[in-house]
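# Reading the structure
Residues per chain, in single letters:
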Amino acid sequence: MFTVTKRLEVSASHQLKLDYPSKCQNLHGHNWIITVHARSEELDHNGMVIDFTIIKEKIHGRLDHRHINDVLGDINPTAENMAKWIADELGPKCFKVEIQESEGNTAIYERD
């Protein structure tokens, strides 16, 4: 089994949609640290699990310096939902995504 890990930093804004009062409902931003884990039993014809550049383009390129609500559409842009969205965007080889929203606050999505 081959595994690759890519760490990205994304600066972006979002507003959470919550059913209780919270300052996170206001427009605010973070410098998210995103760690993507992908694996495959076989390498592609280029000898890779997934090209690191593809991860950067699909994730950093779409999220950095953006309003996350606009990118995710109807998905509430919590760190948990963002982690799953990223895994889905990268496909089945991506088995785990960690998103550190701020120091001490990390959400992790793992496929079964």
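Right above here is the structure, for reference.
For every chain, the first residue of the written sequence is number 1, and numbering continues from 1 onward in sequence order. Residues qualify for local features only when their pLDDT is at least 70, as the model is predicted, and side-chain atom pairs are given and counted only at 80 or more; totals for whole chains, interfaces and linings, by contrast, use all residues. Hydrogen atoms and water are omitted, and side-chain values are computed over all heavy atoms in the structure.

The next thing to look at is the nonpolar core. Grouped burial of nonpolar side chains is what soluble globular proteins tend to show. Here the nonpolar core consists of buried residues drawn from Ala, Val, Leu, Ile, Met, Phe, Trp, Tyr and Cys, with membership extended through side-chain atoms lying within 4.5 Å. Classification of residues uses two cut-offs on accessible area relative to the type maximum, computed with a 1.4 Å probe and protein chains only: under 20% is buried, over 50% is exposed, and between them is partly exposed. Within the largest apolar cluster, 27 residues are counted, with the highest numbers of intra-cluster contacts made by I34, I59, L63, I86, L90, V97 and I99. In this description a helix means any DSSP run of H or I spanning at least four residues, a strand means any run of E spanning at least two, and both kinds are numbered starting from the N terminus. Listed by contribution, the elements that provide at least two residues to this core are β1 (2-14), β2 (28-40), α1 (52-63), α2 (68-72), α3 (79-90) and β3 (94-102). Contacts are assigned to residue pairs with any non-hydrogen atoms lying within 4.5 Å of each other. Ignoring anything within four residues of it in the chain, the contact list for I34 reads K6, R7, L8, V10, I59, L63, I86, V97, E98 and I99.

In this section: the packing of aromatic side chains. Side-chain rings of Phe, Tyr and Trp, where Trp is taken by its six-membered ring, are said to pair if the distance between their centres is within 6.5 Å; with planes under 30 degrees apart they count as stacked, over 60 as edge-to-face, and otherwise as tilted. Enumeration over the complete set of coordinates arrives at 0 aromatic pairs. Remark: a charge is flagged as sitting over a ring if the NZ atom of Lys or the CZ atom of Arg is within 6 Å of the ring centre and within 35 degrees of the ring normal. Between R39 and the ring centre of F95, over which it is positioned, the NZ or CZ distance is 3.8 Å.

Turning our attention to the sheet that holds β3. Taking strand neighbours across the sheet as the criterion, the 4 strands line up as β1-β2-β3-β4 in an open arrangement whose pairing is antiparallel. With one partner strand each, in any of the chains shown, β1 and β4 (105-110) form the two edges of the open sheet. The mean angle between the axes of side-by-side strands here comes to 15 degrees, regardless of whether they run parallel or antiparallel. When DSSP finds two or more bridges between two strands, those strands count as paired. Where β2 meets β3, 6 bridges bridge the pair, whose relative direction is antiparallel. Of the residues in β3, the one forming a bridge with A38 is C94. To get an axis, fit a line to the C-alpha atoms, keeping to the stretch in contact for a helix; angles then go from 0 to 180 degrees between the N-to-C directions.

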